[in-house]
Amino acid sequence: MHDDREDDTMTDNPRAEDEVVRLCQDLIGIDTSNYGDGSGPGERKAAEYVMSELTEVGLDPELIESEPGRASVVVRIEGEDSSRGALVVHGHLDVVPANAADWQVDPFAAELKDDCIWGRGAVDMKDMDAMILACVRELARSGKKPPRDLIIGMLADEEAGGLKGSHWLVDHRPELFEGATEAISEVGGYSVTFEGTSGEQRAYLLQTAEKGIAWLRLVAHGRAGHGSVPNDENAVVRLAQAIARIDAHVWPREYIASVRQLLDGLAELTGITYADDDLSPLLTKLGGARGFVEGTLQDTANFTMLDSGYKHNVIPQGASASLDCRFLPGHEDDLMATIRELAGEFVDVEVVHRDIALDAPFDAPIVEQMKAALLAEDPEAAVLPYCLSGGTDNKALQQLGITGYGFAPLRLPADLDFAPMFHGIDERVPVESLKFGTRVLSRFLANS
């Protein structure tokens, strides 16, 4: 328990928004750092917490481990019409690591400060986990059935590609998602504020697409030798040359439907016309979210790690680099061919992890329900689609034919630089934003 937690209204039947702060703080306080190499604490403790919160209101969730400590929780809630396709509402319990020395606060203390909850996961994505739990608990206490079956998932390992979470469940327990047709999860539905044609304008970015993932390792081969002897087959040099070629490559732009709709919507709201080769005046309006959008204008390839050599005076026979590539829908083959060509004959390209790109329709009934839920709480706002430059567990669910969207609704202060806090320092979510999102999500689940 947190001594600085907000004094929530506690009754026999508290509303979802009365519980969401407590739930968010409790979840942040459980360290579920995912280092990607199996060395972290895992999600088991957080999964047990979720189990207790769900069983307390009479639900019968299942805790599932893909391996010891790597735990997910799934529960199905029967709807009024189970013949309709079920809706999957899912979050992930793991977080990326945080270096406490870099933060203003302890990243796992879930401190309330400046009307915000601070901590690792406050944005990605224990805020949404708490919103889901609060809404589900309220629904269960009410005794009312949702319009259709809901499948609630709190999943492991998303921050390392979901191989021990969503992908494992899809491969080994697909019956958990039987009959599901659509899903909602993270990184969509948050607001940006900008100067519009008639004053301050707020727009919610609803995620309808995701770039695909190709995590690659470049391995250069050469001839080992003494550091004092000239060597024209130096693996380190060959790797460096490959890195320079890939880094210098200009990826061609392509505006997929969700990106084009976002740009056109922004242009209409702001009165700023744009050219395909010069988006800067328009994208400036997005503030911190600009980087997310810029990452969806073309394929990308960013180097993240290097490894070579073992002694100062020894030329190694090998050197490697890690490359994070993200590709637009339909671009995977072209991206891989380009990387292999740029790497050159002395550098192998190994696939460490890959996952698909997603592209869901914006003109869909479920999107209209999301819009209605948002606009009921914020009538003067606009709702626009966008493509996510990263990825979510919706990729795994797509293998079962489940169409995924990003809808973690948050009405944010105009001056909060929100998007850069994904995986960033001093991650925090405003309390009022969390309560707003809980009201929107509750309304959406009651009418979907």
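Values in this document were obtained by computation on a predicted structure and should not be read as measured data.

When you look at the overall build of the protein chain in this model, what are you seeing that I'm missing?
Helix and strand counts for the protein chain come out as 12 helices and 19 strands. Along the first, second and third principal axes, the C-alpha atoms of the protein chain reach 80 × 55 × 45 Å. Looking at the protein chain residue by residue over its 448 residues, the buried ones come to 58%. Taking the contacts inside the protein chain whose residues are at least 6 apart along the sequence as the reference set, 77% of them involve residues at least 24 apart. For the protein chain, the exposed surface amounts to about 18,600 Å²; the carbon and sulfur share of it is 47%. Positive and negative charge centroids in the protein chain, built from 39 and 78 side chains respectively, lie 1 Å apart.

Teacher, can you tell me more about the nonpolar core here?
Soluble globular proteins tend to pack their nonpolar side chains together in the buried interior. By size, the foremost hydrophobic cluster in this structure holds 101 residues, and its most contacted members are I184, Y190, I366, F418, L441 and F444. No other element matches helix 3 (residues 126-142), which puts nine residues into this core. With 23 residues, the next largest nonpolar core counts I246, A301, C325 and M336 among its residues.

Help me understand the packing of helix 1 (residues 16-28) against helix 3 in this model?
At a minimum axis distance of 8 Å, the contact between helix 1 and helix 3 shows a crossing angle of 135°. Relative to helix 3, helix 1 is oriented oblique. In terms of crossing hand, the pair formed by helix 1 and helix 3 is right-handed. Where helix 1 approaches helix 3, its residues A16, E19, V20, R22, L23, C24, L27 and I28 are matched on the opposing element by K126, D127, D129, A130, M131, L133, A134, C135, R137, E138 and R141. Here the residues of the contact of helix 1 with helix 3 sort into 11 nonpolar, no polar and eight charged.

Would you explain helix 9 (residues 332-343) in this entry?
A turn of α-helix holds 3.6 residues, and therefore any two residues three or four places apart point the same way. Spanning 12 residues, helix 9 covers 16 Å between terminal C-alpha atoms, matching the ideal 16 Å at 1.5 Å per step. Among the residues making up helix 9, those that are buried are L335, M336, T338, I339, L342 and A343. One side of helix 9 carries all its buried residues, which in axial view fall inside an arc of 160°. Opposite the buried face of helix 9, by more than 90 degrees, sit the exposed residues D333, D334 and E341. Just downstream of helix 9, G344 is the residue with a positive phi angle, here 90°.

I would appreciate a short explanation of the sheet that holds strand 14 (residues 318-327) in the present structure.
Within a beta sheet, neighbouring strands are joined by backbone hydrogen bonds and run either parallel or antiparallel to one another. Strand order in the open sheet formed by four strands is 12-14-10-15, and the pairing between neighbours is antiparallel. Each of the sheet's edge strands pairs with one partner strand only, and the pair in question is strand 12 (300-308) and strand 15 (347-355). Adjacent strand axes in the sheet meet at a mean angle of 20° when their direction is disregarded. Note that strand 10 (residues 212-221) and strand 15 share eight bridges and pair antiparallel. Within the sheet, the bridge partner assigned to A214 lies in strand 15 and is R354. Here helix 9 sits on the sheet and contacts strand 10, strand 12, strand 14 and strand 15; the angle it forms with strand 15, its principal contact strand, is near 155°.

Hey, could you run me through the sheet that holds strand 19 (residues 428-430) in this one?
Reading across the sheet, the three strands line up as 4-5-19 and stay open at both edges, with antiparallel pairing between neighbours. The sheet is open, and its two edges are formed by strand 4 (112-113) and strand 19, each paired on a single side. Bridging between strand 5 (residues 116-118) and strand 19 involves three bridges; their strand directions are antiparallel. When the bridges of strand 19 are listed, C116 appears paired with P430. On top of the sheet, helix 12 (residues 431-446) reaches strand 4, strand 5 and strand 19; it is set at about 70° to strand 19, its chief contact.

What is the right way to look at the confidence of the model for the protein chain in this model?
Parts of the prediction with low pLDDT should not have their coordinates interpreted in detail. In this model, the protein chain carries a mean pLDDT of 94, and residues with pLDDT of at least 70 account for 97%. Contacts from residues 5-10, a stretch scored under 50 in pLDDT, to residues over four places away or in other chains number 15 contacts.

Hey, could you run me through the packing of aromatic side chains in this one?
Two descriptors summarise a pair of aromatic rings, namely the distance from one centre to the other and the angle between the planes of the rings. A full pass over the atoms with the stated rule returns six aromatic pairs. Relative to Y386, the ring of Y190 has its centre 6.2 Å away and its plane inclined at 80°; by these criteria the two rings are edge-to-face. With a gap of 196 residues between them, Y190 in strand 8 (residues 190-196) and Y386 in strand 17 (residues 382-388) connect regions that are remote in the sequence. Across the pair, Y386 and Y190 agree in class, each one buried. Measuring from ring centre to ring centre gives 6.0 Å for Y204 and F436, while their planes differ by 10°; the resulting arrangement is stacked. Taken as a pair, Y204 in strand 9 (residues 199-210) and F436 in helix 12 lie far apart in primary sequence, 232 residues in all.

Even after reading the chapter, I still don't get the side chain of D129, so can you show me in this structure?
Position of D129 relative to the elements: it lies in helix 3. Of the side chains with opposite charge, K126 lies nearest to the buried D129, which makes no salt bridge, at 6.6 Å. Excluding its chain neighbours within four sequence positions, the residues that come into contact with D129 are L27, G91, H92, L93 and M154.

About the cut-offs
Counting restarts for each chain: residues are numbered from 1 in the order of the written sequence. Given that this is a predicted model, residues contribute local features only at a pLDDT of at least 70 and side-chain atom pairs are listed and counted only at 80 or more, while totals for whole chains, interfaces and linings are drawn from all residues. Note that the side-chain values use all heavy atoms of the structure and ignore hydrogens as well as water. Put simply, DSSP marks the helices as runs of H or I at least four residues long and the strands as runs of E at least two long, and each gets a number from the N terminus on. Per-residue accessibility, obtained with a 1.4 Å probe over protein chains only, is compared with the maximum for each type, and a residue is labelled buried under 20%, exposed over 50%, and partly exposed between these values. What makes two residues a contact is simply this: any of their non-hydrogen atoms within 4.5 Å. The accessible surface values rely on the Shrake-Rupley method and a 1.4 Å probe; as for residues, cover is taken only from the protein chains in view. Two residue types count as positive, namely Lys and Arg, and two as negative, namely Asp and Glu; His and chain ends fall outside the count. Throughout, a charge is located at the NZ atom of Lys, the CZ atom of Arg, the CG atom of Asp or the CD atom of Glu. Buried Ala, Val, Leu, Ile, Met, Phe, Trp, Tyr and Cys residues form a nonpolar core when they are joined through side-chain atoms within 4.5 Å. Fitting a line to C-alpha atoms yields each axis, with helices limited to the stretch in contact; the angle taken between N-to-C directions then spans 0 to 180 degrees. By definition in this entry, angles of less than 35 degrees are roughly parallel, angles greater than 145 are roughly antiparallel, angles of 65 to 115 are roughly perpendicular, and the rest are oblique. Crossing handedness is read from the near helix: turned anticlockwise from the far helix by less than a right angle, it gives a left-handed crossing, and turned clockwise, a right-handed one. Throughout this entry, Asp, Glu, Lys and Arg are counted as charged residues, while Ala, Val, Leu, Ile, Met, Phe, Trp, Tyr, Cys and Pro are counted as nonpolar. The remaining residues, Gly among them, count as polar. Residue count minus one, scaled by 1.5 Å, sets the expected span of a helix. Directions from the helix axis toward the C-beta atoms define the arc. A pair of strands is labelled paired if DSSP reports no fewer than 2 bridges between them. For every residue, the predictor assigns a confidence score, pLDDT, that lies between 0 and 100. Between 30 and 60 degrees the pair is tilted, below 30 it is stacked and above 60 it is edge-to-face, where a pair is any two Phe, Tyr or Trp rings, Trp via its six-membered ring, whose centres lie within 6.5 Å. What counts as a salt bridge is simple: a side-chain nitrogen of Lys or Arg found within 4 Å of a carboxyl oxygen of Asp or Glu.

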